[in-house]
Amino acid sequence: MVRTYALLAWAWTRAAAQYPLSFAVMTVAGFVTSGLDAAVIWVIFANTRSLAGFGVAEVMFLYGASSLAFTVADLLFGNVDRISRHIRAGTLDVFLIRPASPFVQVAVDQFVPHRVGRVVQRAVMLGLALSRLGVPPGRAWMIPVMVASGIVIFAALFALSGAVQFLLTGAPEVANAFTYGGAQLTQYPLNVYGADLVRGVTYVLPLAFVNWQPGLYVLGREDPLGLPPLLRFLSPVAALALAGAAALAWRAGIRRYRSTGS
Amino acid sequence: MIEATAVGRTFRVRGSVVHAVRDLSFRIEAGEFVGCLGPNGAGKSTTIKMLTGILAPTSGRVTVAGLDPSRRRTGLARRIGVVFGQRTTLWWDLPLKDSFELVRLLYKVDREVFRRRLGELAELLDLGGFLATPVRQLSLGQRMRGDIAAALLHDPALLVLDEPTIGLDVVSKAGVRDFLRRLNAERGTTVLLTTHDLGDVERLCRRVLLIDHGRLAFDGTVDDLRALVPGETSIEDVVAHLYLNSPASPRTPPAPRPSGDPPSVTA
């Protein structure tokens, strides 16, 4: 699967490299616009000293960790939400006659290497936040674990949103609500939202495991909502459980695929 | 090579069940050249998709190259080649030879074997002039030859083509037909194609399957097909007659095909 992905991603990268100027401009533009996106944090903190009890560096850390995970997942798997277009155009048939996973082929189709610009920007942001926080080494090990879990969680959400489109061919927007919506939601400390929503994204759709629960551990904070402290170590478990559910859903979707006319 | 036993496929469309294919049974042996005919919407493409693993049948059993297509999809993909006349399997923005290289890597074809095979195919299909051209800039005839080459790089035992001559001019059509005939005769590759072009059938196919209303309406040679409608001599008129006189909805179940070889018809 990894080999197939790399082969096809390389082919798309070469195709993109036929237009080097466009590639460079798009990469830089991605870096800059996602930087502006992040500048919202400064706007907020120009008006207040804390957001739901969290300081600017802490919010930057939560934002950076979540959006780094999201931009990586989006770079690698974001195109899965184009599956309904492939179904309608019949290109999914082409993926199905090749000796390779259709999930990988859909994910890598039209691979856009310039999305790397946004990934780099988010990595820089996370790095800046960490340099201001001075996390003790005893807790820093959680940072790569949480980013990796976050990537898996968002990738699983993309796969689930793709699987749903086998049923609702006309409605990628419904699915986007969970992927892009999830990314938006986790950019701020979750206690700015209502307690019911936080419970929902902890126990039902495990978005709280992207950055909130493990982030509380990294920051050495009590859970403002008083949920069990064990939760902050469960990100990999939540990520694998969601990935398993996504794999089953995707398989069921392929199985009930009906193809187009001719 | 292909064995279909009582195969059916239904689709649920707004609450009602549509039978795209029902109770279809046939065998195709290695080395045959078979054409699959039928009016639009008769179930040809659905059948092809079940044989290639794209769609799972809702009833019955399919075996292709010894495998159950929808369950062993990737294993099957290595043993068969598939060409869609209406859409390309090549990479739109890449030069043709880069598409071939990707196919080589996806199918894990040995580099030396690939080089030799591509050389043969490039010569037979006359690809030399446009190997370096991006696929999006190829003419339909060039694109189709490229697609056929891509489907054969891993040297499959069975080649399935869905309307391979659609939209091609006379010269391109003749080139494709000539290539397919030689592929079948000289290399022994089994060929199954669907078409609306009766020239394909007359010039290529030793055997014809006619699918109508999702059922097998005829299975036999081109001459047998012609003999079905006395008085009509052109194959075109024979097939038009069969299509027009087929029941709008099957009123009688199809007669089971006798075990001997006289062709049966229910149209």
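If you look chain B up in an unreviewed UniProt entry, it shows as ABC transporter domain-containing protein from Microbispora corallina. Of chain B, the UniProt comment under Subcellular location (unreviewed entry) reads exactly: "Cell membrane".

Going by what an unreviewed UniProt entry lists, chain A is known as Transporter and is assigned to Microbispora corallina.

Caption draft 1: Quick peek at the overall build of chain A. Along chain A, the regular secondary structure elements total 13 helices and zero strands. Taken from N to C terminus, the helices and strands of chain A fall in the order α-α-α-α-α-α-α-α-α-α-α-α-α. For chain A, the C-alpha radius of gyration of 19 Å lies close to 18 Å, the compact-globule estimate for 262 residues. Once the C-alpha set of chain A is aligned to its principal axes, its extents read approximately 60 × 45 × 30 Å. For chain A, the proportion of contacts with a sequence separation of at least 24, taken over those separated by at least 6, is 81%.

Caption draft 2: Representation of unusual backbone geometry in the model. In this model, Gln110 of chain A sits at a positive phi of 60 degrees, which is unusual for a non-glycine residue. Looking at the element boundaries, Gln110 of chain A is found in the loop between α6 (102-108) and α7 (116-133). Phi at Asp155 of chain B takes a positive value of approximately 50 degrees, unusual for a residue other than glycine. One can find Asp155 of chain B in the loop between α5 (140-152) and β6 (158-162).

Caption draft 3: Representation of the interface of chain A and chain B in the model. Each partner contributes to the interface: chain A provides 17 residues, whereas chain B provides 25 residues. Going through the elements one at a time, α1 (2-16) and α5 (91-96) of chain A are the ones with two or more residues in the side of chain A that touches chain B. Here the residues of the side of chain A that touches chain B are counted per class, giving eight nonpolar, five polar and four charged.

Caption draft 4: How the structure looks around the environment of Phe70 of chain A. Residues and elements named next belong to chain A. In this structure, Phe70 sits in helix α3 (residues 56-77). Phe70 gets classed as buried once you count the C-beta atoms within 10 Å, which come to 29. Spatially, the C-alpha atom of Phe70 lies 6.2 Å from that of Ile151, the residues being 81 residues apart in sequence. Other than its neighbours up to four places away in sequence, Phe70 contacts Phe154 and Ala183.

Caption draft 5: Structural context of the UniProt feature "domain: ABC transporter" (unreviewed entry) in chain B. Sites flagged by UniProt as "domain: ABC transporter" (unreviewed entry) map to residues 2-238 of chain B. As a span, residues 2-238 of chain B carries 37% helix and 27% strand, and end to end its C-alpha atoms are 27 Å apart.

Caption draft 6: Structural detail: the environment of Ser70 of chain B. Residue and element names in this part refer to chain B. Structurally, Ser70 is set in the loop between β4 (59-64) and α2 (73-79). A count of 21 C-beta atoms within 10 Å places Ser70 in the buried class. For the pair Ser70 and Phe130, spaced 60 residues apart in the sequence, the C-alpha separation amounts to 35 Å. Beyond its immediate chain neighbours, meaning those up to four positions away, Ser70 contacts Gly53, Leu55 and Ala56.

Caption draft 7: Spotlight on the sheet that holds β4 of chain B. All names here are of chain B. Overall, antiparallel pairing links the three strands, which are arranged β2-β1-β4 in an open sheet. Single-partner strands in this sheet number two, and they are β2 (16-28) and β4. Taken over all neighbouring pairs, the strand axes of this sheet differ in orientation by 30 degrees on average, direction set aside. As judged from the nine bridges shared by strand β1 (residues 2-13) and β2, these two strands associate in the antiparallel manner. If you follow Val13 over to β2, its bridge partner there is Ser16.

Caption draft 8: Focus on the UniProt feature "transmembrane region" (unreviewed entry) in chain A. Residues and elements named next belong to chain A. When the UniProt feature table is mapped onto this chain numbering, "transmembrane region" (unreviewed entry) sits at residues 21-45, 51-77, 141-168 and 230-250. This span, residues 21-45, is 100% helix and 0% strand, and a straight line between its end C-alpha atoms measures 37 Å. The distance from the first to the last C-alpha atom of residues 51-77 is 32 Å, and the span holds 81% helix and 0% strand.

Caption draft 9: Quick look at the sheet that holds strand β8 (residues 207-212) of chain B. Residue and element names in this part refer to chain B. Strand order in this open sheet of six strands is β5-β6-β7-β3-β8-β9, and the pairing throughout is mixed. Edge positions in the open sheet fall to β5 (80-84) and β9 (215-220), since each of these has one partner strand only. Each strand axis lies, on average, 15 degrees off the axis of its neighbour in the sheet, ignoring direction. In terms of strand pairing, β8 meets β9 through five bridges, oriented antiparallel. Of the residues in β9, the one forming a bridge with Leu210 is Phe218.

Caption draft 10: Expanded view of the nonpolar core. All names here are of chain A. Residues Ala69, Ala73, Ile153, Phe154, Ala155 and Ala159 are the most contacted members of the largest nonpolar core, which totals 142 residues. Top contributing element to this core by residue count: helix α9 (residues 142-167), with 16 residues. Residues in contact with Ala155, not counting those within four places in the same chain, are Ala73, Leu76 and Phe77.

Caption draft 11: Main features of helix α12 (residues 212-219) of chain A. All names here are of chain A. Of all the eight residues making up α12, six are buried; the element is thus mostly covered by neighbouring parts of the structure. Its buried side turned inward, α12 meets α3, α8 (137-140), α9 and α13 (235-255). The positive-phi residue at the C-terminal boundary of α12 is Gly220, with phi of around 65 degrees.

Caption draft 12: Quick look at the confidence of the model for chain B. All names here are of chain B. Averaged over every residue, the pLDDT of chain B is 86; residues scoring 70 or more account for 92%. Note on residues 249-267: pLDDT under 50 across the span, and 24 contacts to partners over four residues away in sequence or across chains. The complex model carries a pTM of 0.85, and its ipTM stands at 0.83.

Rules of the game
Residues numbered from 1 in each chain as written. Chains lettered and ligands numbered in written order. Predicted model: local features only at pLDDT ≥ 70, side-chain atom pairs only at ≥ 80, totals over all residues. UniProt positions renumbered as here; feature names shortened; annotations may be inferred. Helix = DSSP H or I, 4+ residues; strand = E, 2+ residues; numbered from the N terminus. Rg over C-alpha atoms; globule rule 2.2 N^0.38 Å. Contact = placed C-beta atoms within 7 Å. Nonpolar A, V, L, I, M, F, W, Y, C, P; charged D, E, K, R; others polar. Buried ≥ 20, exposed ≤ 12 C-beta atoms within 10 Å, placed from the backbone. Pairing = 2+ DSSP bridges. Axes fitted to C-alpha atoms, helices over the stretch in contact; angles between N-to-C directions. Core = buried A, V, L, I, M, F, W, Y, C linked by C-beta atoms within 7 Å. pLDDT = per-residue confidence, 0-100.

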